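Summary of structural features
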Amino acid sequence: MFVKALARSAGLSCLLFTGSLWAADVPEDYEYDKYNAEDINELCAGCHGSLGQGGGGGVYPRLAGLPQEYMEEQIKNFKTRKRVNIPMVPFANDRELPPEDVRDITTYLSNIKLASQLPEVSGRIDGLERLQQAEAVVQIPKHEGDLENGEEYYMEMCRGCHNKDGMGRGNKPAVTGQHIKYLKKQFQDFRSGEREHVDQVELFGEMTDKDIEDVLAFLSVQDD
Ligand code: HEC
Ligand code: HEC
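Residues numbered from 1 in each chain as written. Chains lettered and ligands numbered in written order. Predicted model: local features only at pLDDT ≥ 70, side-chain atom pairs only at ≥ 80, totals over all residues. Heavy atoms only, no water.

Under an unreviewed UniProt entry, the name given to the chain is Cytochrome c domain-containing protein, and the source organism is Terasakiella brassicae. What the UniProt record of the chain gives under Subcellular location (unreviewed entry) is the line "Periplasm". (UniProt positions renumbered as here; feature names shortened; annotations may be inferred.)

This paragraph deals with helix H6 (residues 147-157). Listed as buried for H6 are Gly150, Tyr153 and Tyr154. All buried residues of H6 lie within an arc of 95° about the axis, which places them on one face of the element. Exposed and facing more than 90 degrees away from the buried side of H6 are Glu148, Glu152 and Glu156. Looking at the buried residues of H6, the elements they touch are helix H7 (159-162), helix H9 (200-204) and helix H10 (209-220). Capping the start of H6 is the job of one residue whose side-chain oxygen sits 3.0 Å from the backbone nitrogen of glutamate 148: aspartate 146. (Buried < 20%, exposed > 50% of the residue type's maximum accessible area, 1.4 Å probe, protein only. Helix = DSSP H or I, 4+ residues; strand = E, 2+ residues; numbered from the N terminus. Arc of directions from axis to C-beta. Contact = heavy atoms within 4.5 Å. Polar contact = N/O pair within 3.5 Å; in protein donor to acceptor, adjacent residues only side chain to side chain.)

What follows covers the site of ligand 2. For ligand 2, the set of nearby residues contains 18 residues, the closest of which are Cys158, Cys161, His162, Tyr182 and His197. Here an oxygen atom of ligand 2 and a side-chain polar atom of tyrosine 70 are 3.0 Å apart. Tyrosine 182 is positioned with one of its side-chain polar atoms (N or O) 2.5 Å from an oxygen atom of ligand 2. Taken together, the elements giving at least two residues each to the shell around ligand 2 come down to H6, H7, helix H8 (180-192) and H9. When the residues that make up the shell around ligand 2 are grouped by side-chain class, the tally is 14 nonpolar, two polar and two charged. (Near = heavy atom within 4 Å. Nonpolar A, V, L, I, M, F, W, Y, C, P; charged D, E, K, R; others polar.)

Before going further, it helps to spend a moment on the coordination of the iron atom of ligand 2. Within the protein, His162 (NE2) and His197 (NE2) serve as the donor atoms for the iron atom of ligand 2, at 2.0 Å. Here the iron atom of ligand 2 binds six donor atoms, and the angle range of 84 to 180° at the metal identifies the geometry as octahedral. One end of the pair, histidine 162, is in helix H7; the other, histidine 197, is in the loop between H8 and H9, and 35 residues separate them in sequence. Residue histidine 162 is classed as buried on the basis of its relative accessible area of 13%. (Donors = N, O, S within 2.8 Å, 3.2 Å for Na, K, Ca; no water. Tetrahedral: all angles 85-135°; square planar, octahedral: opposite > 155°, others 65-115°.)

Listed below in structure tokens is the structure:
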């Protein structure tokens, strides 16, 4: 009996120990280090783009402008495997990306503002400058679908938290300006239970494939 209890408590403390290793917290008085963030961003840029604009034809999500708390939470979820993300595994542990680094990079990315349209050319502008402007633009191409059904579904089910125009609010991420391919995978993951979302059965349980396409169509034109 005693041995068994001892073994169990040893097992438990071991679990708790790895738990704290994998999702530790930032000290309360931690100060944001922009230069550290810029260094870390070089690791992320290969997939998410140097300005957090996303990439891989929309497989890698846009991170620029997402709420800092939201991104920090997601990285914690990758670390604890609550949210499964194979490509990010090498970055999703405390040894490679300790909590202070997570705080820095998410603060940095959250502060990047991208436009949805190229600014008008006024006067002479050189090619390089135009290229840099173009890099800081994410324009989501129009997605095919029934806009009316998409709007109805969105307004009834999603608007309360993600806002009328899909720009999000507080720690609720924007769903407008995000890449369609990525969003589609998230909708499917919410529906199947692969990824968690608040009230997911009510919100996604009865979402048909057609509803998914239609809501995506609606979101794709909100940044026009
Ligand atoms: C090898 C490619 C790759 C690299 C490098 C990478 N990521 Fe990711 N990341 C992904 C993929 C793929 C997803 C989306 C997973 C999914 O579909 O759920 C993702 C998702 C995320 C998300 C969640 C976004 C959301 O809207 O929920 C955050 C936050 C994130 N990455 C941060 C980072 C940071 C910070 C770095 C650098 C330290 C980084 N990633 C490096 C591939 C990568
Ligand atoms: C009760 C509030 C609420 C409602 C209603 C809601 N959401 Fe969310 N949504 C959230 C929160 C909070 C998150 C952050 C993820 C989490 O739950 O941890 C989120 C995350 C998401 C994400 C992930 C974004 C990313 O970058 O990965 C998508 C996509 C999304 N919601 C789509 C929808 C859609 C589509 C609807 C309507 C069918 C909807 N949500 C309704 C609160 C809500």
